[in-house]
Amino acid sequence: KYTRSIVHTPPNMSDEAVGAAEKEARRKKHKKRMNKLLVRAWNLPDSDPFQQSSHPSENEVRDLTVIGKNLDKGVYEHGRSGWEIFSKDMGLVYNWHISRQGKHTSIAKIHLDEVVGFFTKIDPALGNLAVKSMPSGDTSSDSTSRKNSSSAKKRKNNGRESPDTSPRKKANVDNNGSLTLSQREKRAMELLAAYLEERGGERVQSENFRCKVVQRPGGRFDSIFFSAENKRFKSMADVGRFLNLVDAPTSRGQGQGQGQGRGSKNSSRPKKVTEKKKLKRELDKLTRSKVKAAKALDDHNNNDAVDQFPASDDSLWDDGSNASKAHKAGLIVPRSDIESFPGIPTHCIPDLLMVWDFLCTFGRTLSLQPIELDDFAAALSFRPSTDLQNSQPVEDQPQLPPQSYIPVYLSECHIALLRMLVKDPTSDHWWWSVLETPEMVEQEDENLNQRDKKRKAAAAVVKIDMEALLSVEEDPAVTRKWLQALEDVRTRKPDNSGPIKSAVKSAIAVTTNQHVKMYLKKAMRTWRAKSAGLVKRAVVWLVGRVREARPDLWGRNVSEDEIAEQKKLVATEAALEMDNIIEDVDVDDGDLNLEGDSDEESDSDEDEGSDNEDEYADQATPDSPDKQARSITLKENDEITPVTTFVPVKPVPSVVDLLLPPAKPVVPSDLVHALTWPPVVGATSCRIFQWYKRRRNEVDDSIREFRELRPMSVAERRRREMSASLRILSECGDPLDGNTNHVESAINHLCDGKGYLDLNAIQRLSILRVLIEAAYDTHNVQLSIEDNFKARINSVKALDAEERRAKKAAREELASIEYAARDRLSTEAREAFIEKKRLEIIEDIKDTQEYSVEFIESLNDDDIIDLDDDTKAEYEALPTPESFNKGEVNAVVKIIQEETAFGAERLIVLTLKEIEKRDEDYLKSLQDELESYGAVDSRETSAKIDRVRQKITKFTDQMQTLPQDRSLAIEALQDAIEDGTVRTLRTAIKGAKLASLSGDDEENEGVWALDLVRDASLELKDAEGRKRVNEAQKDLVAKRNKCFTRTEPLGRDRYQSSFVHFDYDKSSRVWAERDFILGNEESAPSKEGVLLKNTQSASIGAQDKCDDFVSLDDRKQPYGKYFLSFARQEYHHTGELSTLARHHWSCYTTDRSLRVLVKNLDGKCAKENALKEALKETLETLALSAAGGDAIHSHVVSAENAVPDAAATIGKTDFRSSGDEEVFCQEKESLSKDDTDLLKDVSSAIGRRIRLRRIPDPDRAPDVAEYSMATITGWKMENVPQSNGSEGEASEEAPAPQADLPIWRLGLDDGGELHVSAIEAVEGIVRAIQWSTEYPGYVEHDAPFLSYRNGLGRFCGRAVEAPSSLTPQAFAKQLIKREQDLYMPLKNRTFENNWGGKAGARQVWVSSLKECGHTFEAVRDGLLTLESAFFDLTG
């Protein structure tokens, strides 16, 4: 508790000197700290009366000056006793003034609290001593003396003491409140010595004991004695009995018989009163226990402890609720708004979202302006119609090429990706991937470590008994010689057959080992001119094995045992390889032609490059029967021949490959522009795809090596390469037929030079997927991610600091409420105690007649407390604010929060039945009041009776509709609580007040409310708190969101469905990714149960290669099956799929569907609770961004597209949900025949989907429209004014005629409502059908994506000119500047200058651009004029 200082002493000091130095250092440190504390007390405001007292005393300290002098004299020793005396003296200074009740009493109390706080920081016990250190009693006030004297009369002691009792209580009769614990312990030991000497013992016997003084919560001090053996004694009498100095105590009956008990006749209170108080206390104790037990039982019945913990996901998966039943049936609850886009299959939605999110997220890196998701999907599935291609007159302008009809955004994003990929250094890895061969890779990997070299070691192709070969004794010099001869084969290419044959002939001539000769002769069977690949593999394998088995051949000191062990190991491994080789036994081993091409004949081939560098030596098919049989044998061997390289088979060169330059294309160049990018993109995609094939092969080899499995065969490698698209791009790799798929077909289509518009939407998406996969590896993207990551860290730190500040404020608010709750509990306990004591005193005076009733009623609370010692002791034993347990405090905290939410001092929560009973009582009270008036005897009485009758009539009429209003209000409250937004909660609470579910309580001066209204008010307070925090963090959140990062899901529900909101998508959209529910193969999914799928329809992509993880033998074992099932849970939680699993993607976009989704989430599940809070924040954001305040105003579109103002106030209840068949059939007659055929099966517009077309800016952009989806929810007939076409004739005297026209109400997908006319509704339904079914010939010519222009290009000029760099005026300035640069060189090279000089055409051109350069037409004409002039100048 007390600070100790460390004194650094020299090493030559003794232990006593070190101890003295440490003691002196501690004394100085304590003195310095006491001095600081004294200075702080001296400098307190208005401390003059306490600095030097006007009534000094020699016996006690009364001012701070005396304490300072004592501090200088060293009165306060260091350590515990010094601090206790110091705190006692400091408390005496202020308690002396407080006890005198003088003019400085209030200031003394304030200063005492400050000083006690100083001491409490050091040790709470010191603060307690300062509070309880009281001066001598001679300065007490008269009233206090009178009260104490009266108390002394009632509590007078008889002065007798039994010899067996302990003298401790006798010692406590004196005023010992100011003694410290150490002083009390010292005094107790002195009393013990005197007690032992008095009982016939010796004072020395007390030295074998020690004393410990403990202060009880009520302020009582207990002295406990311990012997040398740590035996505990509660009193000195127990010590005397232990030493056989005191006899055993007599029984209670004997003591009372002798007249020495507490209940003796000399007691000041009658025995009857004492017994009554005891019974009263026991009754109060039992009553409190009963209340606590009843409360605990009530809490257990209402709030089960199990419900306080979040439920696990497994427990809610099939809990019998409607949501679990619907999910089990494959239904989506609530039903989503968007499940797919026209032209985009549902299984390609993940790829669509990924590609679009990448292009939007890295828009600044790509210099590409983002686009809406709907427009991006429409651009992918766009196909120009015949009308669009023939829209330009042939005689005015030439026919545009097909590439001109490609949407601008698709061209921009492909060119941006291509520019970034080609410029990035990482493109050097994959651009030449189509030309890679195993020899090239082997030469590049010369610096591989030994492990990789071992993995790339050649495989055996010829059978041999390796154990017999190694067992032959041969001269080491001879062995080294033929090994060196064969080493030359390693550096030769397979088509360089002459040197390979010469090296083998030399080795056969040198070696004396017949097994080596036989092996080399077998290898030479496959030797052919220009083809010695298998011979090279056999030789390299033999050299590697012999070197590994004979490490002693190269100068290493190896023992004979180690050599024998190494030979055995190599022979065992070789034997395993021999089992995989099929050898042709029909070939004669002895008749081998070792004559042929010599080294000189093959020298000419060494310097020539060869394209046939494949170590597998897949030459052309021989013509002879022997060669055909040998070729068949080699193909059969591919099934068991292990692969030695991860380089895939080279693709066949395409037309684009032949036209491309030898080097990479340079961007920008003539090869990459708006009309030629499709073939270049196709060639780039082909190279990237080839590179990913190689990386896929590397992964396969590394996995098998890590699992210590045999390398895969050549045939298996080829089969895996054929399905590479399904393994790399699973969703887009869905096969078109048995051989091709979308990825490879799209690449081949573009590489053949065909048009981009001939590709379907999936093929276009596949090309973008390939480019984006490579873009993720570029340095520009990685650098952009790192920069944004750093910026995001800084913004997140600032946001975290703001969140910590908000949490701190919330904690402080909660702490203040908790403090108020504790204070309320303490105050209630004190008031209850005072009231109980007042009643007890009144009852007592009836028997004793000591005081009068008037005297008792005139006493205040302090007087009753100080009436006697028992009352004061009981008052001091009352629970303090800190003594209440957490449960009691939380109950009061909840009450205070409820009162704060209502803004009332008291809240009474009622049930619906209690409210109805309250209404009946109120009506009865009015009727009683009416009857109490009796006969009318005056005008005033008559007025009162009329007012009461009016109240009764009004209340009775209200009671007739009140049940229905209350039912609707309760439903609104429940929905609002589930919703959790501020707007809905305020509306629901307002409706509850109108339904009389809450009101003012005049009797209790508070508020009464329904329990559901209370819950809604608490939820509203929390929602307002969240809203304040969100508004305070709005700027920081915007700064953080500018730093893009990986899109994290909002959360997951109990079924592991993921909910995602994309930053660049519409704010109201929340995407949901759900797993399919696997059923039996025979069961076909229903139309409603979209989540029910069999294993085949739920799979996508290629089957996993389980051979890479578990061998065939292990798969038959239980542990192998368990491992595969566990590993396949990554695909699907059931572990039943061996491929990637399809997922059902859908989108919630309307405000209503999101609210239903929030309502269906269960708060008991931890995951769903977090998701629920995230969706509430999304709804709150939507509410803040909604225009028009609390309501979304609608408007009506009349037949002439007029929008009357009065239509905005039409109520929702006027619309009908059926009965529009006749009106709808009449409106269908106004359509064309083709459109009528589409609607021949549609009899009503209610519930139909509609596609609206709106032109945002008819003046500036009349050709750009916006399309949105909606659902027809109702209709009605509306009286709409008609226009006769003559606006000038309209006047107030002749109003326009009116007619009843049908109006349909729409629920927009983006939220809100809209009222449209009949023709708009019918055309919108036709448009929606054509759009969703991809109707032939249907093209939205004015769609936003067709008018897209990229405004995010890189601007290289001054920053102030960047905003206007895309305007016609900026282009006009650039045009004038470029003309000046080009005109001067051309002027000196021409004979006839009709542009500048005297002609004046140049000056007129410049003036026209300066004056009219702000218009597009003027700049266009100026560019054409300049082009014609330069053509004339150049001839």
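What you see is a predicted model; the values in this text were computed from it and never measured.

K.L.:
If you had to explain the overall build of the chain to someone new, which residues and values would you point to?
P.N.:
Regarding its fold elements, the chain presents 56 helices and 18 strands. Out of the 1435 residues belonging to the chain, those deemed buried represent 38%. Taking the intrachain contacts of the chain between residues at least 6 apart in sequence as the baseline, contacts between residues at least 24 apart amount to 71%. Entry remark: accessible area of the chain is about 83400 Å², with carbon and sulfur atoms responsible for 50%.

K.L.:
How would you summarise the environment of Cys1225 if you had to cite specific residues and measurements?
P.N.:
By the secondary structure assignment, Cys1225 is in helix H51 (residues 1221-1228). On the basis of relative accessible area, Cys1225 is assigned to the partly exposed category, the value being 36%. Separated by 14 residues in the primary sequence, Cys1225 and Leu1239 place their C-alpha atoms 9.5 Å from one another.

K.L.:
Help me get a handle on the packing of aromatic side chains, residues and values and all.
P.N.:
In the structure shown here, the tally under the stated rule is 21 aromatic pairs. Arranged with centres 6.1 Å apart and planes meeting at 45°, the rings of Phe833 and Tyr875 form a pair that is tilted. Taken together, the residues span a long stretch of sequence, with Phe833 in helix H37 (residues 779-848) and Tyr875 in helix H40 (residues 869-876) at a distance of 42 residues. With a relative accessible area of 26%, Tyr875 lands in the partly exposed category. An aromatic cluster of three or more residues is present, and its members are Trp83, Phe86 and Phe119. Directly above the ring of Trp431 sits Arg687, whose terminal nitrogen or CZ lies 4.6 Å from the centroid. Cation over ring: Arg1251 sits above Trp1331, and NZ or CZ is 4.2 Å from the ring centre.

K.L.:
Explain the pattern of salt bridges to me, using residue names and the numbers behind them.
P.N.:
Per the stated rule, a full pass over the model turns up 43 salt bridges. Close ionic contact of Glu721 with Arg718 constitutes a salt bridge, the shortest N to O distance being 3.5 Å. Of the two residues, Glu721 and Arg718 both sit in helix H33 (residues 714-722), three residues apart, roughly one turn of that helix. Put simply, Arg1253 and Asp1342 hold a salt bridge, and the shortest N to O gap is 2.6 Å.

K.L.:
Quick one: what's the story with the packing of helix H24 (residues 476-487) against helix H25 (residues 497-510), residue by residue and with numbers?
P.N.:
Running from N to C, H24 and H25 point in directions that differ by 170°, and their axes come no closer than 8 Å. Judged on the interaxial angle alone, H25 and H24 are roughly antiparallel. Residues Val478, Lys481, Trp482, Ala485 and Leu486 of H24 form the contact with H25, whose own contacting residues are Ala503, Val504, Ser506, Ala507 and Val510. Per-class residue counts for the contact of H24 with H25 are eight nonpolar, one polar and one charged.

K.L.:
Got a sec to walk through the side chain of Asp701? Specific residues and values, please.
P.N.:
Following the sequence through the fold, Asp701 ends up in helix H32 (residues 677-706). Within the structure, the side chain of Asp701 is placed 2.5 Å from the side chain of Arg717, a separation counted as a polar contact.

K.L.:
I'd like a description of the sheet that holds strand S2 (residues 221-226), backed by residues and values.
P.N.:
An order of S1-S2-S3 is seen for the three strands of this open sheet, with the pairing classed as antiparallel. Since the sheet does not close on itself, it has two edges, and those belong to strand S1 (210-215) and strand S3 (232-233), each with one partner. As paired elements, S2 and S3 share two bridges and run antiparallel to each other. Counted as the bridge partner of Phe226 is Arg232 from S3. Helix H9 (residues 181-198) contacts S1 and S2 of the sheet and is inclined by roughly 135° relative to S1.

K.L.:
Residue-level account of the nonpolar core, with values.
P.N.:
Formed by 79 residues in total, the largest nonpolar core has its most connected members in Ile344, Leu352, Phe358, Leu359, Phe376, Leu417 and Trp1071. At the level of secondary structure, the elements contributing two or more residues to this core comprise helix H15 (349-361), helix H17 (373-380), helix H19 (408-423), H32, helix H35 (742-751), helix H36 (761-775) and strand S14 (1143-1148). For Phe376, the residues in contact, after removing those within four places along its chain, are Leu352, Val355, Trp356, Leu359, Ile371, Tyr409 and Leu768. With 35 residues, the next largest nonpolar core counts Ala460, Leu520, Ala523 and Val546 among its residues.

K.L.:
Account for the pairing of S14, naming residues and giving values.
P.N.:
Within S14, five of the six residues are buried, which leaves the element mostly enclosed by the surrounding structure. One ladder, built from six bridges, connects strand S9 (residues 1070-1075) with S14; its direction is antiparallel. Residue pairing across strands places Asp1075 opposite His1143, the latter belonging to S14.

K.L.:
Describe the sheet that holds strand S5 (residues 998-1001), and please don't skip the residues or the numbers.
P.N.:
Pairing within the open sheet is mixed, and its three strands lie in the order S4-S6-S5. Both outer strands of the open sheet, strand S4 (907-910) and S5, are each paired with one neighbouring strand and no more. Each strand of the sheet is rotated relative to its neighbour by a mean of 25°, with strand direction disregarded. Looking at chain direction, S4 and strand S6 (residues 1006-1010) are connected through four bridges and run parallel. Looking across to S6, one finds that Leu907 is bridged to Val1007. In the packing of helix H41 (residues 886-902) onto the sheet, the strands contacted are S4 and S6, and the crossing angle to S4 comes to about 100°.

K.L.:
I'd love a proper account of the environment of Ile977, names of residues and values included.
P.N.:
Summarising the element assignment, Ile977 is placed in helix H43 (residues 939-979). For Ile977, a relative accessible area of 21% gives the class partly exposed. Remark: the alpha-carbon pair of Ile977 and Ala988, spanning 11 residues in sequence, is separated by 9.1 Å. Those residues within four positions of Ile977 in sequence are excluded, and the remaining contacts are Leu985, Leu1012, Asp1015, Ala1016, Glu1019 and Lys1176.

K.L.:
Give a description of a negative patch on the surface that names residues and reports values.
P.N.:
Together, Glu473, Glu560, Asp561, Glu562 and Glu565 make up a negatively charged patch on the protein surface. In this structure, Glu562 sits in helix H28 (residues 560-578). Here Glu562 falls in the partly exposed class, since its relative accessible area comes to 48%.

K.L.:
I'd like a description of the packing of H32 against H36, backed by residues and values.
P.N.:
Between H32 and H36, the shortest axis-to-axis distance is 9 Å and the interhelical angle comes to 60°. Accordingly, the angle class assigned to the pair H32 and H36 is oblique. The chirality of how H32 crosses H36 is left-handed. Residues Val681, Thr684, Ser685, Ile688, Phe689 and Tyr692 of H32 pack against Ile767, Val770, Leu771, Glu773 and Ala774 of H36. Residue composition of the contact of H32 with H36, by class: eight nonpolar, two polar and one charged.

K.L.:
Give me helix H3 (residues 64-73): which residues, what numbers.
P.N.:
Leu64, Ile67, Gly68, Asn70 and Leu71 are the residues of H3 that are buried. Buried positions in H3, seen along its axis, are confined to an arc of 160° and lie on one side of it. Turned more than 90 degrees off the buried face of H3, the exposed positions are Asp72 and Lys73. Looking one or two residues beyond H3, the residue adopting positive phi is Gly74, at roughly 80°.

Conventions used here
- Residues numbered from 1 in each chain as written.
- Predicted model: local features only at pLDDT ≥ 70, side-chain atom pairs only at ≥ 80, totals over all residues.
- Heavy atoms only, no water.
- Helix = DSSP H or I, 4+ residues; strand = E, 2+ residues; numbered from the N terminus.
- Buried < 20%, exposed > 50% of the residue type's maximum accessible area, 1.4 Å probe, protein only.
- Contact = heavy atoms within 4.5 Å.
- Areas by Shrake-Rupley, 256 points an atom, 1.4 Å probe, with all protein chains shown as cover.
- Phe/Tyr/Trp six-rings, centres within 6.5 Å; stacked < 30°, edge-to-face > 60°.
- Lys NZ or Arg CZ within 6 Å of the ring centre and 35° of its normal.
- Salt bridge = Lys/Arg side-chain N within 4 Å of Asp/Glu carboxyl O.
- Axes fitted to C-alpha atoms, helices over the stretch in contact; angles between N-to-C directions.
- Parallel < 35°, antiparallel > 145°, perpendicular 65-115°, else oblique.
- Nonpolar A, V, L, I, M, F, W, Y, C, P; charged D, E, K, R; others polar.
- Polar contact = N/O pair within 3.5 Å; in protein donor to acceptor, adjacent residues only side chain to side chain.
- Pairing = 2+ DSSP bridges.
- Core = buried A, V, L, I, M, F, W, Y, C linked by side-chain atoms within 4.5 Å.
- Patch = residues over 30% accessible without salt bridge, like charges linked within 9 Å, V, L, I, M, F, W, Y side chains within 5 Å.
- Lys, Arg positive; Asp, Glu negative; His and termini not counted.
- Charge placed at Lys NZ, Arg CZ, Asp CG, Glu CD.
- Left-handed = near helix turned anticlockwise from the far one by under 90°.
- Arc of directions from axis to C-beta.

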